[in-house]
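Residues per chain, in single letters:
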Amino acid sequence: MILRTVLGDTEVKGDGAVLPHEHLVIDYQQMAGRAGPVTAEVEDECVALLTHARESGVAAIVDCTPPGYGRDLDFLRTVSLRSGVSIVASTGTFCEQWNPQPRWVQTGSVADNAAAFVAELGRGCGVIKVATSQTPTAGDLAGLAAGALAHVRTGAPIVSHTTGGYGFEQLELFAAHGVDLAKVLVSHVCADNEPIEYAMGIARRGAYVGLDRIGHSAHDDDHWIGIIRALSSEGLADRILLGHDSVQRFRGPDAIAGHTFSDLTHLTTTFTRKALARGVSADELRLMTVQNPLTWLAPKRVTA
């Protein structure tokens with residue numbers, strides 16, 4: 001299947017995992033114009049980590065860092081070329097829970113920001129990132145609306161960050177703007193204390209359920225395996241995407257820094273072994289780590 005990556009359209013073959021929510025470098029100083037260039041040391045570290053991930057069964061990652069938060073498309077292209085791992089970059093924006101959005105997002109209208117996202121989708125980005133705080137702000141909701149408009153114009157998939165829920169409300173807003181919910185990944189589902197019914201409800205709306213904090217200290221692997229088995233028993237395995245929400249270099253709010261995780265291989269090694277031992281089939285894991293993310297990432301064809 002063909003992915004829209006920082007290197008252009010790329011065919012991803014075989015059964016390598018496609019991780020739908022990861023980060024290489026996050027740097028909040030970028031939005032203030034104070035982020036320095038990524039050093040050769042950081043580049044080498046990221047290349048080594050991704051090379052190891054490729055050798056551990058990872059074929060591609062989605063780097064979910066939007067512009068203003070440390071994203072550097074040239075850096076991502078270089079790391080992808082050197083490591084052999086395909087990288088899908090993100091346009092869009094983030095929530096205001098820990099920090100104001102970039103000035104250009106704050107001052108732009110919904111239409112202006114949608115146009116900016118569309119332009120970036122033509123310059124090497126493959127997904128639209130949007131987000132809500134635990135108590136969504138007007139800026140958060142405007143970001144969601146801009147992302148929805150950009151999706152309707154381009155068919156590009158949406159990845160939405162959530163903080164302690166709000167996935168249902170995100171889907172209502174997207175649907176009201178004409179978004180195809182089958183192209184939406186609601187991230188961080190059941191990463192806090194949401195009940196299993198929350199995950200099932202998102203899946204039944206036709207969106208993808210992001211179980212993408214695997215490996216973090218908040219929940220052990222059995223937590224995620226239990227959710228996978230529960231969703232699979234309801235015939236919803238085709239709505240699940242798995243990932244880590246890892247970050248290799250972070251410079252930003254302390255409230256986030258204390259909860260970062262950096263292992264890009266946990267899912268394809270330790271977690272896979274545990275899941276197989278606890279009754280998740282190899283076919284189910286292949287569906288959730290290969291087929292589902294590739295289906296989500298394939299842009300929806302837009303007709304004039």
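Right, let's walk through the structure included here. Predicted, not measured: the structure shown is a model, and the values here were computed from it.

Moving on, we get to the packing of helix H10 (residues 267-277) against helix H11 (residues 282-297). Interaxial distance between H10 and H11 falls to 10 Å at its minimum, and their mutual angle equals 140°. In terms of orientation, H10 and H11 fall into the oblique class. The two elements H10 and H11 cross, and the hand of that crossing is right-handed. For the pair formed by H10 and H11, the contact residues are Leu267, Thr272, Ala275 and Leu276 on the first element and Ala282, Leu285 and Thr289 on the second. Looking at the contact of H10 with H11 residue by residue, the classes come out as five nonpolar, two polar and no charged.

The next subject is the pattern of salt bridges. For the structure on display, the rule yields 13 salt bridges. In this structure, the salt-bridge partner of Asp74 is Arg77, at a minimum N-O distance of 3.0 Å. You can see Asp74 and its partner Arg77 sitting in helix H2 (residues 73-83), three residues apart, about one turn around the helix. For Asp74, a relative accessible area of 54% puts it in the exposed group. On the accessibility criterion, Arg77 (24% relative accessible area) is partly exposed. A salt bridge links Lys274 to Asp221; the nearest nitrogen and oxygen atoms lie 3.2 Å apart. Taken together, the positions of Lys274 in helix H10 and Asp221 in helix H8 (residues 221-233) put the pair 53 residues apart, joining distant regions of the chain.

The geometry of an aromatic ring pair is captured by two quantities: the separation of the ring centres and the angle between the planes. Throughout the structure, instances matching the rule amount to six aromatic pairs. A ring pair is formed by Tyr69 and Phe94, whose centres lie 5.8 Å apart and whose planes are at 75°; its orientation type is edge-to-face. Pair noted here: Tyr69 is in the loop between strand E5 (58-63) and H2 and Phe94 is in the loop between strand E6 (86-92) and helix H3 (103-107), with a separation of 25 residues, a long-range link. Residue class for Tyr69 comes out buried when judged on its relative accessible area of 2%. Assessed through its relative accessible area of 11%, Phe94 is described here as buried. Feature note: the residues Tyr28, Tyr69, Phe94, Trp98 and Phe250 constitute an aromatic cluster, connected by ring pairs. Cation over ring: Arg239 sits above Tyr208, and NZ or CZ is 4.1 Å from the ring centre.

What follows is about the sheet that holds strand E8 (residues 158-161). Pairing is parallel across the open sheet formed by eight strands, whose spatial order is E3-E5-E6-E7-E8-E9-E10-E11. Strands with a single pairing partner mark the edges of an open sheet, and in this sheet they are strand E3 (17-22) and strand E11 (240-242). Taking each pair of neighbouring strands and ignoring which way they run, the sheet shows an average axis angle of 30°. Examined bridge by bridge, E3 and E5 share four bridges and lie parallel to one another. Each residue of the ladder has a partner; that of Glu22, found in E5, is Asp63. The sheet contacts of helix H4 (residues 110-121) involve E6 and strand E7 (125-131), and relative to E7 the element is tilted by about 150°.

Conventions and cut-offs
Residues numbered from 1 in each chain as written. Predicted model: local features only at pLDDT ≥ 70, side-chain atom pairs only at ≥ 80, totals over all residues. Heavy atoms only, no water. Axes fitted to C-alpha atoms, helices over the stretch in contact; angles between N-to-C directions. Helix = DSSP H or I, 4+ residues; strand = E, 2+ residues; numbered from the N terminus. Parallel < 35°, antiparallel > 145°, perpendicular 65-115°, else oblique. Left-handed = near helix turned anticlockwise from the far one by under 90°. Contact = heavy atoms within 4.5 Å. Nonpolar A, V, L, I, M, F, W, Y, C, P; charged D, E, K, R; others polar. Salt bridge = Lys/Arg side-chain N within 4 Å of Asp/Glu carboxyl O. Buried < 20%, exposed > 50% of the residue type's maximum accessible area, 1.4 Å probe, protein only. Phe/Tyr/Trp six-rings, centres within 6.5 Å; stacked < 30°, edge-to-face > 60°. Lys NZ or Arg CZ within 6 Å of the ring centre and 35° of its normal. Pairing = 2+ DSSP bridges.

All quantities given are derived from atomic positions and should not be read as evidence of function.
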